[in-house]
Amino acid sequence: MFIYFWILRLAAFLGHRKAKKLVQGQGEALALLQEWRASMVDIPVVWIHVASVGEFEQVRPIIERMRSELPFRKILLTFFSPSGYEMRKDYAYVDKVLYLPFATQRNAKKWLQILDPEMAIFVKYEFWPAYLKALKKNNIPTYLISAIFRPGQLFFLPWGYGYRQLLHCFTHIYVQDLASAQLLQRYGIEHVTVAGDTRFDRVCEVKAAAKELPVIQGFVANATRVLVAGSTWPLEEQMLARYIMEHEDVRLILVPHELHVQHLQQIFQYFEGRYVRYSEATPMSVSMARVLLVDTMGLLSSIYRYGHVAYIGGGFGAGIHNTLEAAVYGMPVVFGPNWKKFREAHGLIDAGAAISVKNYREFAAALDRAFNEQQQMGQHAADYVQNERGATNIIYNALF
């Protein structure tokens, strides 16, 4: 932990943007907590900690139900990731958003002395030893939600005993699937409930509140085959450009994962004038373009409703992005080879709603098949999402 701490410090000193924000945010967090808590002594506080945006989306249905049904409880939301914090620092359904101070015993002790939370909720993969041990020592109810476990994780390796003991710091663990519960129980961890994944509830809420987007409507008007490519990376964008050139009947809505200037310039070269930028679109330009490049944040979950097939980016890199945002609209889903760690990807493939690809030949064949079998595969996707709903009710009713 201390090696990691000094690596972060060095990276921040050398100008790494995210490291600098993280170090600064962690350094200010205790003082900001002290200032906030001093104004509301003796009022119950629920502390919720997430790593970044993805984990935040998993706990969001619970937060918003708390705010509706338990308005007098205060909610503190903490992030580890600068990207998560920056995106949600003004989130209206909680009372305070902070970075989590670096996980030392001293910081954990001081944090809990100031905060004195009624309970703590961690989401999916957050296991900070100093904080978990301090919570247990202070008899503060502590919960892990939407968790998922696999045999290869550190907890279950021959040298992972000490780390596995951290799981006993939780009052209760709510896991996504039966395999996770059975794995924990094999190692003597019995305080486990199979609740499912709250993201299924969340994407259904997002679908119900999806925005009308006139520019997108103009682009897809009279189109018979619309491909929405979400959270894409350069290699995937090259394959998409080739596919569009080979398939004149397909229109592409491209939503890149990164929108910095260099990446956008790279995309412009791939599509050789066949595109129009969302931020510059006019009714005339979108009606004539083959590719709509969405260079604006926050629209992807509403854009999927306008497509026939979805390609989900990230699978040729660290791992696929959110497949459920597309599947909830009843769309066939295609993604790259790095999907094995994602339970919902297994579920969509098993349901006949998704296809994984390893190269351009498979990529083109998968998209062709998805367009041809759109109705059947799309229905499988929608059914899978609907059948997995309900985790929010299970967890919320148990906690509150």
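Here, the structure is the one placed above.
Residues numbered from 1 in each chain as written. Predicted model: local features only at pLDDT ≥ 70, side-chain atom pairs only at ≥ 80, totals over all residues. Heavy atoms only, no water.

Visitor: Let's hear about the pattern of salt bridges: which residues, and what values?
Guide: If you walk through the whole model with that rule in mind, you get 20 salt bridges. Arg305 serves as the salt-bridge partner of Glu212, at 3.5 Å between the closest nitrogen and oxygen. Residue Glu212 is found in the loop between helix H9 (198–208) and helix H10 (214–220), and its partner Arg305 is found in the loop between helix H14 (300–303) and strand S12 (309–312); the two are separated by 93 residues along the sequence. Judged by its relative accessible area of 51%, Glu212 is exposed. Glu246 is the partner of Arg242 in a salt bridge, and the nearest nitrogen-oxygen pair spans 3.1 Å. Remark: Glu246 and Arg242 occur in helix H11 (residues 234–246); sequence separation between them is 4 residues, near one turn of the helix. On the basis of relative accessible area, Arg242 is assigned to the partly exposed category, the value being 45%. Given the relative accessible area of 44%, Glu246 is considered partly exposed. Here the salt bridges do not stand alone but share partners, grouping Glu57, Arg60, Glu64, Arg88, Arg202 and Glu205 into one network. (Salt bridge = Lys/Arg side-chain N within 4 Å of Asp/Glu carboxyl O. Helix = DSSP H or I, 4+ residues; strand = E, 2+ residues; numbered from the N terminus. Buried < 20%, exposed > 50% of the residue type's maximum accessible area, 1.4 Å probe, protein only.)

Visitor: Residue-level account of the packing of helix H3 (residues 53–69) against H9, with values.
Guide: With their axes 7 Å apart at the nearest point, H3 and H9 run at an angle of 70 degrees to one another. Taken together, the axes of H3 and H9 are roughly perpendicular relative to one another. Residue-level contacts link Glu57, Gln58, Val59, Arg60, Pro61, Ile62 and Glu64 of H3 to Thr198, Arg199, Arg202 and Glu205 of H9. (Axes fitted to C-alpha atoms, helices over the stretch in contact; angles between N-to-C directions. Parallel < 35°, antiparallel > 145°, perpendicular 65-115°, else oblique. Contact = heavy atoms within 4.5 Å.)

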